[in-house]
Amino acid sequence: MRAASPQRYRLTINGREETLEAEPGTPLLWLLRDRLGLLGTRYGCGLGVCGACTVLEGATAVRACQIDIERAAGRDFTTIEGLSSDGTHPVQLAWLEEDVAQCGYCQSGMILQAVALLAKSPDPTDAEIDLAFFDLLCRCGTYVRVRRAVKPRRKMRRLPNNRRHNNRNRKRRRPPSRRRRRGRRPRRWWRHRAPCCR
């Protein structure tokens, strides 16, 4: 059985129109990595269940390993490289502030999933965050940090202005005094030794 001959497809990647020649059925993931050199989109499972290959189709997070070139043709996709040229996107800055990444392998997919969630719900609840990241696998287990990065400084905003800097205005407690009580003689270590050792 002869393989299908390559064909040309047009699609938009990170705001730039690309013309790619590929065989029908080629996953978008391999075109991003092998043809365009966008290595931030990672290969994890190839089944769409880990989320390492997550990219944005418009404002929706999709799995690049599950999108073939026929479906991707004529559509607009954003990878982690196209999110910001200098890494100053608010979600990326929140990731750095909360020190989310450890090994970093899944973080490009996590960040793009967070961008899609915040585009849909600017102030998500814990349940919405857990649901959005339910099918994204982080082997380092940084889900708590991910949740803090998606909704930064929520606890600080709830505090009144006069309570934010209470730690600065709070009086420091003096350590307990170590002075000996008056009328009490200090203990001598040699008085408590055995008679044979005095």
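Throughout what follows, the structure given in this document is the object of discussion. Quick caveat: nothing in here was measured; it's all calculated off a predicted structure.

### Description of the pairing of strand 4 (residues 60-63)
Bridging between strand 3 (residues 54-57) and strand 4 involves 4 bridges; their strand directions are antiparallel. Bridging from a neighbouring strand, Thr54 pairs with Arg63 of strand 4.

### Brief notes about the pairing of strand 3
Residue alternation in strand 3 divides its side chains into two sets, Thr54 and Leu56 and Val55 and Glu57, and both sets are buried. Relative to strand 5 (residues 76-78), strand 3 runs antiparallel, the two being bridged by 2 bridges. Looking at the pairing, Leu56 lines up with Thr78 of strand 5.

### Here we look at the sheet that holds strand 3
Strand order across the open sheet formed by 5 strands is 2-1-5-3-4, with mixed pairing between neighbours. The sheet is open, and its two edges are formed by strand 2 (16-22) and strand 4, each paired on a single side. When strand polarity is set aside, the average angle formed by the axes of neighbouring strands in this sheet is 45°. Of the pairings in the sheet, the one linking strand 1 (residues 7-13) to strand 5 comprises 2 bridges and is parallel in character. Across the sheet, residue Ile13 finds its bridge partner in strand 5, namely Phe77. Packed on one face of the sheet, helix 1 (residues 28-35) meets strand 1, strand 2, strand 3 and strand 5 and runs near 105° to strand 2. Contacting strand 3, strand 4 and strand 5, helix 5 (residues 107-120) runs over the sheet at an angle of about 30° to strand 3.

The rules we used
Within every chain, residues take consecutive numbers counted from 1 along the sequence as written. The predicted nature of this model means local features are confined to residues of pLDDT at least 70 and side-chain atom pairs, given and counted, to a pLDDT of 80 or more, with totals for whole chains, interfaces and linings taken over all residues. Excluding hydrogens and water, the side-chain figures rest on all heavy atoms present in the structure. Strands are labelled as partners when DSSP assigns at least two bridges between them. Put simply, DSSP marks the helices as runs of H or I at least four residues long and the strands as runs of E at least two long, and each gets a number from the N terminus on. Three exposure classes are used, based on accessible area relative to the maximum for each residue type with a 1.4 Å probe and protein chains only: buried under 20%, partly exposed in between, and exposed over 50%. Helix axes use the C-alpha atoms of the stretch in contact, all axes being lines fitted to C-alpha atoms, and the angles between their N-to-C directions lie in the range 0 to 180 degrees. Contact criterion: two residues are considered in contact whenever any of their non-hydrogen atoms come within 4.5 Å of each other.

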